[in-house]
Amino acid sequence: MQIRKADLQVAMSAAMWSAGSLNGLGAGQLLPAALALCLIVPPVLLLSRPMRQLELGEDAARASGVPVHAVRLCLMALGVALTATVTASAGPIAFIVLAAPQIARRLTRPADVTLLPSALAGSLLLLAADQIAQHAFATQLPVGVMTVTIGGLYFLWLIARESRK
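This one's a predicted model, so the numbers in the text were calculated from it and none came from an experiment.

Visitor: Any chance you could explain the packing of helix H2 (residues 27-46) against helix H5 (residues 68-90) here in plain terms?
Guide: Helix-helix packing is characterised by the crossing angle of the two axes and by the distance between the axes. Close contact between H2 and H5 brings their axes to 10 Å; oriented N to C, the two are set at 165 degrees. It follows from the interaxial angle that H2 and H5 lie roughly antiparallel. For the crossing formed where H2 meets H5, the hand is left-handed. In contact with Gln29, Ala33, Ala36, Leu37, Ile40, Val41, Pro43 and Val44 of H2, H5 contributes Leu78, Ala81, Leu82, Thr85 and Ser89. Of the residues assigned to the contact of H2 with H5, the class counts are 10 nonpolar, 3 polar and no charged.

Visitor: How should I be thinking about the layout of surface pockets in this particular structure?
Guide: There is about 1,600 Å³ of room inside the largest pocket. Taken together, 45 residues make up the lining of the largest pocket; nearest its centre are Leu82, Thr83, Val86, Val97 and Ala119. Put simply, the parts of the chain that give the lining of the largest pocket at least two residues each are H2, helix H3 (48-54), H5, helix H6 (96-108) and helix H7 (115-135).

Visitor: Help me understand the packing of H6 against helix H8 (residues 143-164) in this model?
Guide: Relative orientation of the contacting elements H6 and H8 amounts to 50 degrees, with a least axis distance of 10 Å. Judged by the inter-axis angle, H6 sits oblique to H8. In this structure, the crossing between H6 and H8 has a hand that is left-handed. Where H6 abuts H8, its residues Ile96, Leu98, Ala99, Gln102, Ile103 and Arg106 lie against Thr147, Tyr154, Phe155, Leu158, Arg161 and Glu162. Here the contact of H6 with H8 is built from residues that sort into 7 nonpolar, 2 polar and 3 charged.

Thresholds, definitions, all that
- Starting afresh in each chain, residues are numbered from 1 along the sequence in its written order.
- Per-residue local features are limited, in this predicted model, to residues with pLDDT of at least 70; the limit for side-chain atom pairs, both in listing and counting, is 80 or more; totals at the level of whole chains, interfaces and linings are taken over all residues.
- The basis for the side-chain values is all heavy atoms of the structure; hydrogens and waters are excluded.
- Fitted lines through C-alpha atoms serve as axes, helices being fitted only where they are in contact, and the angles separating the N-to-C directions of these axes extend from 0 to 180 degrees.
- Helix and strand definitions follow DSSP, with helices as H or I runs of at least four residues and strands as E runs of at least two, each counted in order from the N terminus.
- An angle below 35 degrees is treated as roughly parallel, one above 145 as roughly antiparallel, one from 65 to 115 as roughly perpendicular, and anything else as oblique.
- Crossing handedness is defined as follows: a turn of the near helix away from the far one that is anticlockwise and smaller than a right angle gives a left-handed crossing, while the clockwise case is right-handed.
- Residue contacts follow a heavy-atom distance rule, with two residues in contact if any of their heavy atoms lie within 4.5 Å.
- Residue polarity follows a fixed list, in which Ala, Val, Leu, Ile, Met, Phe, Trp, Tyr, Cys and Pro are nonpolar, Asp, Glu, Lys and Arg are charged, and the others, Gly among them, are polar.
- Two kinds of site are reported from a 1 Å grid over the protein atoms alone, namely cavities, where a 1.4 Å probe fits but cannot get out, and pockets, open sets with protein on both sides within 12 Å along at least five of seven lines, and residues are called lining when an atom falls within 4 Å of a point.
- Grid points are joined across faces, edges and corners, and a volume is the space filled by probe spheres set on the points.

And the structure:
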């Protein structure tokens, strides 16, 4: 068994990143993420129409001329790239991706989950969690701790509500 040694500051930074934290992020971390997003978002927007057609089912999408397998592969690769960009910048912030589409669906009441309301709901949820993590307690918490708490409470409420139906 090998014993790993690390500088205390490096170890603390790694622990904060693994909890998902926006504390201490600055322009140095914003520039690479912004550049990556400038490269990734345009193809996502171009694939939004085929993605909506895929929601109707493979057969309907194929009948309307959508190359189903190629579009799915591209969407999956772009989703991984978007997730990797955000995770590299702020760490793994849990529950945003699970709760945001559900919140957006309940607020906008569309037949399907649309991308823009989900992104806005996720942004607002992250902003609220970050504000609470920074200002509600005597010490600043990683935002990931707050998103897990908020997300967990939301899903408990959602399960209780659905079980009553």
